[in-house]
Amino acid sequence: MTPVTLPAMFDLTAATALADTFRAVRGPIVVDGAAVERVGAAGLQLLLSARATAAEAGHRLTIITPSAALQAAARTAGAGFLLAADV
Amino acid sequence: MQLDEIQAIFFQECEEGLATVETNLAEVRDGAGDGETINTIFRAVHSIKGGAGAFGFEPLQCFSHHLETVLDLLRTRELSATPDLVGLLFAAFDVLSDHVASAQSGGPAPADAAVLARLEAAASGGAEQPADASAVPVAEDGAEEMDFDLDALMADIDLPAEAPAPWHVAFRPGRAAFDNGGDPLPLLRELEAIGASVLSLDLDALPRLHALAVDECMLGWTLAVPGTIARADLEALFDFMPDGAVVTIATHEATVDPAPEATAPTLRATPAPAAAAASKDAPVAPAAPAASPPPATVPDDGGKASGSATIRVELDKLDRLVNLVGELVITQAMLAQRLSLHGVGAIDELSDLDHLTRDLQESAMSIRAQPVKSVFSRVPRIIRELEAGTGKRVRLEVEGEMTEVDKTVVERIGEPLTHMIRNAVDHGLESPEDRVAAGKPAEGAVRLAAEHRSGRIVISVSDDGRGIDTAKVRAKAVERGIIAPDANLSNEEIENLIFAPGFSTAATVSNISGRGVGMDVVRRNVQALGGRIGITSVFGKGSTFTLTLPLTLAILDGMVVSVGAQTYVIPLAHVVESLRPQAGEVRRFGPDAAVLDVRGDYLPILPVGRLLGVEGSCAEASAAVLIVVETDAGQSILMVDGIQDQRQVVVKSLEANYAPVAGLSGATVLGDGRVALILDVETLVQRQRGDLALGLAA
């Protein structure tokens, strides 16, 4: 299972580009968030939708090594639970 | 609004939230729940966490955070509701209740380490990962504190002792929020910087991946913003909103004012560099259908405060209303009496006024009425503790929990109820092995029921345990000198000996039932409320405790009697019958004691005048009116001069207005303005019996 790697600038543009990648994943979704430097709400929204979609199918979305910027953005948006499964 | 008032509201909400959690947990346990059940529990815990953060109750916030993590995994089906997990959730619920209680009382936080460890283990088990990053108490990066720590810190800074009510902001940026490089995240950061915390992130409208239009914002937030921020400043933050954004700013009170919505769809107030950069690279924003944003505000935690179906009223105001209505009833009675003196007592207006006053009184009392559910909801926890302490297994059935009684009564049911439940489980039910040996299911049944019966509330606690061994009780009572060895007692009388002072049936006093308060004290407290408690039992089959209480302590049906020049009220609940004896039916024992043969039972006659030291009262039983009263010590007769009336009276507390007087339970004001004292029948009868016993012994 190859992780979906988030870019440094995880904004609307990046989210639009990554949406199909997420849609293509079957089973658990693993996200590599180490490189993220800036996050937009559109990026978070994509992760949240992916997580809910995976959960419906009985799978998990796991963000491995979320960067400080990604963690901060998730918490600011009240989406800290995105990080709940990470290390 | 003062901080403590806001806190009081928070704790009320906690109480409601805890009740919700418990009810829904029970559904999950019984397999009756669905996905929404877990969601409901999650939201309730989430609200508690949010409020705890806003008020800086750090231990409460931290604990609810961990519980919430597990609930979230459950709700996204990453964990499944195994019996073990449900058991853990119940344990966590109990600790959460303790946390709320300690936050409220300012006491030390409960020991939650064991349950916390189990929660963390459950969360990491579900995550197939050793630990949950947000649950690690210290983050690796000092700048990246946990959200709850930050919230608490902010709350400390921004909520000084006199802080006004926090703002409740529901914010839905709308589909067009990402147009032209827009992004709500910088605004959330700004809000965070002024001390706001996200109470909830609303994902209800968020589509799944296949239906997601990445460039449409479908998120919504509910935030708590410190009340120290001026409303204008807060509104200014939302000045530059895209089309379709919905913002509501409200205090915790029931008002919801929509903030002015900006019409300029172009720029955000403070676009973050990221968003600005994005706007350069981004393709021309697609024409977002700004016409159809979800118009509803976030129907989440904040919605509760703005609901219009119920309002919260301070108890003091309610008490004042009830008191005033009581005065009105008295004044109405005085008016009626005065008018009848002038021969116009039968006019229609007076009877209309009478009806209106009664209706008003009933309405006022019904406002104070509360379902006993608030007390019953504590029982499952007591049972769980008892199960853990005794190794017994208990199935609880509850019936009639919506039965309503006056708040003062609800508040005072708790203690006797706890004792009844403890007794039922501790003394009533057998151990699982004994039950199986006796041909019963290993799981004992305890049934808790409430109902209205002839103007009183009857609460019963039944168990299907071993019942009362009357021979053993009798032997014990003789051993303790409570009854004479040759006393002739019915089974019922023997069973009720467990309420006698100094009686304990358990072979060893356990630390569960024997918490320092015996059933005698419970009975005394119940009697002080004008109630009764009793027990019936079938040996080998089970016992039933029955608690009977008046529906309200503010009004009572009474018989108005005269003794000498004084007027007294005898609570009708005690009155069995009244009679005028024929000469010779009264038998005297010496100068002070007399009995009357009432259909074969010799009942002691208590001259009220002499007991209370009233001069000029009738001393001769054959010339007086005898009122047979039922008490816990059996039937007795009160001797009075005459009966004036039978009616509802408004009870005024002697304790509050004067001082407690033995033998009197209160006072009331009669129609003619005179004060009549209400007799405490139980105490009078007990005192007289005590005197008699002393007299006989001497």
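The structure displayed is predicted, hence computed values, not measured ones. (Residues numbered from 1 in each chain as written. Chains lettered and ligands numbered in written order. Predicted model: local features only at pLDDT ≥ 70, side-chain atom pairs only at ≥ 80, totals over all residues.)

Trainee: Got a sec to walk through the overall build of chain B? Specific residues and values, please.
Mentor: Helices and strands together make up the secondary structure of chain B, namely 22 helices and 23 strands. For chain B, with 698 residues in total, the buried portion stands at 39%. (Helix = DSSP H or I, 4+ residues; strand = E, 2+ residues; numbered from the N terminus. Buried ≥ 20, exposed ≤ 12 C-beta atoms within 10 Å, placed from the backbone.)

Trainee: Describe unusual backbone geometry, with residues and values.
Mentor: Its identity as a non-glycine residue notwithstanding, Thr 65 of chain A has a phi of 40°, on the positive side. Given 14 C-beta atoms within 10 Å, Thr 65 of chain A falls into the partly exposed group. With a phi close to 45°, Arg 599 of chain B is a non-glycine residue in the positive phi region. Relative to the helices and strands, Arg 599 of chain B is located in the loop between β17 (593-598) and β18 (601-607).

Trainee: Explain the pairing of strand β20 (residues 634-640) of chain B residue by residue, including any values.
Mentor: Remark: a regular strand shows side chains that alternate across the two faces of the sheet. Residue and element names in this part refer to chain B. For β20, the tally of buried residues reaches five of seven residues, placing the bulk of the element in the interior. Strand direction decides the pairing type here: strand β19 (residues 625-631) and β20, joined by seven bridges, are antiparallel. Counterpart to Val 625 in the pairing with β20 is Val 640. (Pairing = 2+ DSSP bridges.)

Trainee: An account of the sheet that holds strand β5 (residues 61-64) of chain A is needed here, citing residue identities and associated values.
Mentor: All names here are of chain A. The three strands are arranged β1-β3-β5 in an open sheet whose pairing can be described as parallel. Edge positions in the sheet fall to β1 (4-5) and β5, since each of these pairs with one other strand and no more. Pairing of strand β3 (residues 29-32) with β5, which is carried by four bridges, proceeds in the parallel orientation. Paired with Val 30 across the two strands is Thr 62, which belongs to β5.

Trainee: Could you give an account of the pairing of strand β9 (residues 444-453) of chain B, with specific residues and numbers?
Mentor: Residue and element names in this part refer to chain B. Both strand β7 (residues 394-399) and β9 contribute to a ladder of six bridges, which runs parallel. Bridging across to β9, Glu 397 finds its partner in Arg 447. Of the pairings in the sheet, the one linking β9 to strand β10 (residues 456-463) comprises eight bridges and is antiparallel in character. Note on β10: the bridge partner recorded for Ala 449 is Ser 460.

Trainee: Explain the UniProt feature "modified residue: Phosphohistidine" (unreviewed entry) in chain B residue by residue, including any values.
Mentor: All names here are of chain B. According to UniProt, the positions carrying the feature "modified residue: Phosphohistidine" (unreviewed entry) are His 46. Here His 46 lies in helix α2 (residues 35-55). Setting aside residues up to four positions removed in sequence, His 46 forms contacts with Glu 68 and Ser 200. (UniProt positions renumbered as here; feature names shortened; annotations may be inferred. Contact = placed C-beta atoms within 7 Å.)

Trainee: Go over the environment of Gly 35 of chain B, please, and point to the residues and values.
Mentor: Residues and elements named next belong to chain B. Note that Gly 35 resides in helix α2. What makes Gly 35 exposed here is the crowd of 11 C-beta atoms within 10 Å. Each C-alpha atom, one on Gly 35 and one on Leu 74, is 9.2 Å from the other, the two residues being 39 residues apart in sequence.

Trainee: So, the sheet that holds strand β12 (residues 542-550) of chain B: which residues are in play, and what are the values?
Mentor: What links the strands of a sheet is backbone hydrogen bonding, and the strands pair in either a parallel or an antiparallel sense. Residues and elements named next belong to chain B. Spatial strand order, β7-β9-β10-β12-β11: five strands in an open sheet with mixed pairing. Whereas interior strands pair on both sides, the edge strands pair on one side only; in this sheet they are β7 and β11 (532-538). Sheet twist, expressed as the average angle between the axes of neighbouring strands with direction ignored, equals 15°. In the packing of helix α14 (residues 379-390) onto the sheet, the strands contacted are β7 and β9, and the crossing angle to β7 comes to about 165°. (Axes fitted to C-alpha atoms, helices over the stretch in contact; angles between N-to-C directions.)

Trainee: Go over helix α3 (residues 58-75) of chain B with me, naming the residues and quoting the values.
Mentor: All names here are of chain B. Helix length check: α3, at 18 residues, gives a terminal C-alpha distance of 25 Å against a target of 26 Å (1.5 Å per residue), a fit within 8%. For α3, the tally of buried residues reaches 16 of 18 residues, placing the bulk of the element in the interior. Just downstream of α3 lies Arg 77, where phi reads positive at about 60°. (Expected span 1.5 Å × (residues − 1).)

Trainee: Quick one: what's the story with helix α17 (residues 470-479) of chain B, residue by residue and with numbers?
Mentor: All names here are of chain B. Along α17, the residues that are buried comprise Val 473, Arg 474 and Ala 477. What you see down the axis of α17 is that its buried residues fit within an arc of 100°, all on one side. Exposed residues pointing more than 90 degrees away from the buried face of α17 are listed as Ala 471, Ala 475 and Glu 479. Structurally, α17 contributes buried residues whose contacts are with α18 (491-495). Just downstream of α17 lies Gly 481, where phi reads positive at about 75°. (Arc of directions from axis to C-beta.)

Trainee: If you had to explain the environment of Val 681 of chain B to someone new, which residues and values would you point to?
Mentor: Residues and elements named next belong to chain B. Looking at the element boundaries, Val 681 is found in helix α22 (residues 681-697). The exposure class of Val 681 is buried, given the 25 C-beta atoms found within 10 Å. Setting aside its immediate chain neighbours within four residues, Val 681 contacts Ile 570, Pro 571, His 574, Val 629 and Thr 631.

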